[in-house]
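The chain contents come next:
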Amino acid sequence: VIFHEELFAVVFASLAIIQMMTVSASEHCTAHENFSLVLHGGSLTVVENKDKQIALIMRVLDDGRRRLRDGQRAIDVVEATIRQLEDSALFNAGRSADANAGGFVETDASIMDGRTRAAGAIASMRNIRNPIAAARLVMDKSPHVLMVGDRGEAYAKGLGAEAAPDSYFTNNGRILKSKSPTGTVGAVAMDRCGNLASGTSTGGFGAKIPGRVGDSPIIGAGAYAENGVAAISSTGHGESFIRFTVAADLAARVKYLKQSLDQSAQAALEVLDESGAEGGIIGVDATGNVVMRFNRAGMIRGHTTENKAPIALAY
Ligand code: ASP
């Protein structure tokens, strides 16, 4: 009996240690490779906010750089980065997401882990405080990828997504008609272990028809990540990004045609240009090269690597 109890104790302790090791291995990179973080804050159409946005981006990049330097995983840094942008009330995502034509906010977001190509997304949600965190919960805690609308929202809350009342969202009850895309946020990262991750979060077009979903929560359109290839996040005319599967097509150029990230991003923008669509793309490849490209209107954006201090740009 004693033998059995001791054996159980040893097995139990070993299992606990193995579990702790697995958890820490999944949370931290012990390799000491270079890392990259790139983010965007959508098209530059509300110029009054520009200086505040740039200042915030610098702080957020600084925070992300510290996290990556400490060995945090790309997926965690992407989520933390986008959360801060959602909370800032300076972008069309999270707290200050644009209202739809019905005067209420509906948020869309997605996140993808390049290590496993696990992905999670939410769309048309009204009372979720951090859409990117809800997308992460769908990825981590459910067998699904995309949850939508009221029923999807109830499910996401059941997974642990934090709710926020209507009054939390600064644009509820304020319809701002914007014909062009504005202020969507996104981030891509490569961590010290070479893992890639991407995420995108938005309120979609201002005054959109209730129920309309853009590209941001569509894996392969508004976000994509695959280790050894690239991580991409986009902003712009969502319908075009969905039709041209922009993020997946860009990654496919890197993967199959062996084009550089920059060439691939250029090709993706040419496709958008030909159809008259507006857009911007950020990306990082398997060696940490970054790209930030857009057509027409400026794109608020910034990046940092192990060797490069944060830089934020608007035009
Ligand atoms: N792509 C987003 C959408 O169509 C909008 C944006 O990026 O500003 O919902």
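Everything quoted here is computed from the prediction, not taken from an experiment. (Residues numbered from 1 in each chain as written. Predicted model: local features only at pLDDT ≥ 70, side-chain atom pairs only at ≥ 80, totals over all residues. Heavy atoms only, no water.)

Colleague: Before we move on, could you go through the overall build of the chain and cite the residues and values that matter?
Modeller: The helix and strand tally for the chain stands at eight helices and 12 strands. Buried residues in the chain amount to 54% of all 315 residues. Pairs at least 24 apart in sequence give 71% of the contacts found in the chain among residues at least 6 apart. (Helix = DSSP H or I, 4+ residues; strand = E, 2+ residues; numbered from the N terminus. Buried < 20%, exposed > 50% of the residue type's maximum accessible area, 1.4 Å probe, protein only. Contact = heavy atoms within 4.5 Å.)

Colleague: Residues and numbers for the site of the ligand, please.
Modeller: Among the 12 residues in the neighbourhood of the ligand, the closest are listed as Thr 184, Arg 212, Asp 215, Thr 235 and Gly 236. Between the ligand and Asp 215 there is a distance of 2.6 Å, counted from a nitrogen atom to a side-chain nitrogen or oxygen. Side-chain polar atom of Thr 235 to an oxygen atom of the ligand: 2.6 Å apart, as the coordinates give it. Expressed as a share of its isolated accessible area of 270 Å², the protein-covered part of the ligand is 100%. In the shell around the ligand, the residues fall into two nonpolar, eight polar and two charged. (Near = heavy atom within 4 Å. Polar contact = N/O pair within 3.5 Å; in protein donor to acceptor, adjacent residues only side chain to side chain. Areas by Shrake-Rupley, 256 points an atom, 1.4 Å probe, with all protein chains shown as cover. Nonpolar A, V, L, I, M, F, W, Y, C, P; charged D, E, K, R; others polar.)

Colleague: Please provide a residue-by-residue account of the sheet that holds strand β12 (residues 311-313), values included.
Modeller: Spatially, β4-β3-β2-β6-β5-β1-β11-β12 is the arrangement adopted by the eight strands of the open sheet, whose pairing is mixed. Looking at strand neighbours, the two that pair on one side only are β4 (146-148) and β12, the edges of this open sheet. Between one strand axis and the next, the sheet turns through 5 degrees on average, direction left out of account. Pairing between strand β1 (residues 36-43) and strand β11 (residues 299-305): six bridges, direction antiparallel. By the bridge assignment, Ser 36 is partnered in β11 with Thr 305. Its contacts with the sheet put helix α5 (residues 149-159) on β3 (118-125) and β4, and the angle it makes with β4 is roughly 120 degrees. (Pairing = 2+ DSSP bridges. Axes fitted to C-alpha atoms, helices over the stretch in contact; angles between N-to-C directions.)

Colleague: Which residues make up a nonpolar patch on the surface, and what are the values?
Modeller: On the surface, a cluster of nonpolar side chains totalling about 230 Å² of accessible area is made up of Val 145, Leu 146 and Val 148. Structurally, Val 148 can be placed in strand β4. (Patch = residues over 30% accessible without salt bridge, like charges linked within 9 Å, V, L, I, M, F, W, Y side chains within 5 Å. Salt bridge = Lys/Arg side-chain N within 4 Å of Asp/Glu carboxyl O.)

Colleague: Go over the packing of helix α3 (residues 74-87) against helix α4 (residues 131-141) with me, naming the residues and quoting the values.
Modeller: Two numbers describe how α3 lies on α4: the axes approach to 8 Å, and their chain directions differ by 150 degrees. With respect to α4, the element α3 is oriented roughly antiparallel. Between α3, through Ile 75, Asp 76, Glu 79, Ile 82, Arg 83 and Glu 86, and α4, the contact on the second element is made entirely by Pro 131, Ile 132, Ala 133, Arg 136 and Met 139. Partitioning the contact of α3 with α4 into residue classes produces six nonpolar, no polar and five charged. (Parallel < 35°, antiparallel > 145°, perpendicular 65-115°, else oblique.)

Colleague: Break down the pairing of strand β2 (residues 107-113) for me, citing the residues and quoting the values.
Modeller: For β2, the buried fraction is high: seven of the seven residues fall into the buried class. Side chains Thr 107, Ala 109, Ile 111 and Asp 113 project from β2 onto one buried face, and the interleaved Asp 108, Ser 110 and Met 112 project onto a second face that is buried too. Relative to β3, β2 runs antiparallel, the two being bridged by six bridges. The residue bridging Asp 113 from the neighbouring strand is Ala 118, located in β3.

Colleague: Tell me about α3, and please be specific about residues and values.
Modeller: Think of an α-helix as turning once every 3.6 residues; residues three or four places apart then point the same way. An ideal rise of 1.5 Å per residue puts 20 Å on 14 residues; α3 measures up with 20 Å between its terminal C-alpha atoms. Within the sequence span of α3, burial applies to Ala 74, Ile 75, Asp 76, Val 77, Val 78, Glu 79, Ala 80, Thr 81, Ile 82, Leu 85 and Glu 86. (Expected span 1.5 Å × (residues − 1).)

Colleague: Tell me about the pattern of salt bridges, and please be specific about residues and values.
Modeller: Within this structure, the stated rule accounts for 17 salt bridges. Taking the shortest distance from any N to any O, the salt bridge between Asp 51 and Lys 50 comes out at 4.0 Å. In this structure Asp 51 comes out as exposed when scored by relative accessible area, which is 57%. The salt bridge partner of Arg 192 is Glu 306, with a shortest N-O separation of 3.1 Å. Pair noted here: Arg 192 is in the loop between β5 (185-190) and β6 (196-202) and Glu 306 is in the loop between β11 and β12, with a separation of 114 residues, a long-range link. A relative accessible area of 6% means that Arg 192 is categorised as buried. One salt-bridge network, in which partners are shared between bridges, spans Asp 76, Glu 79, Arg 83, Arg 136 and Asp 140.

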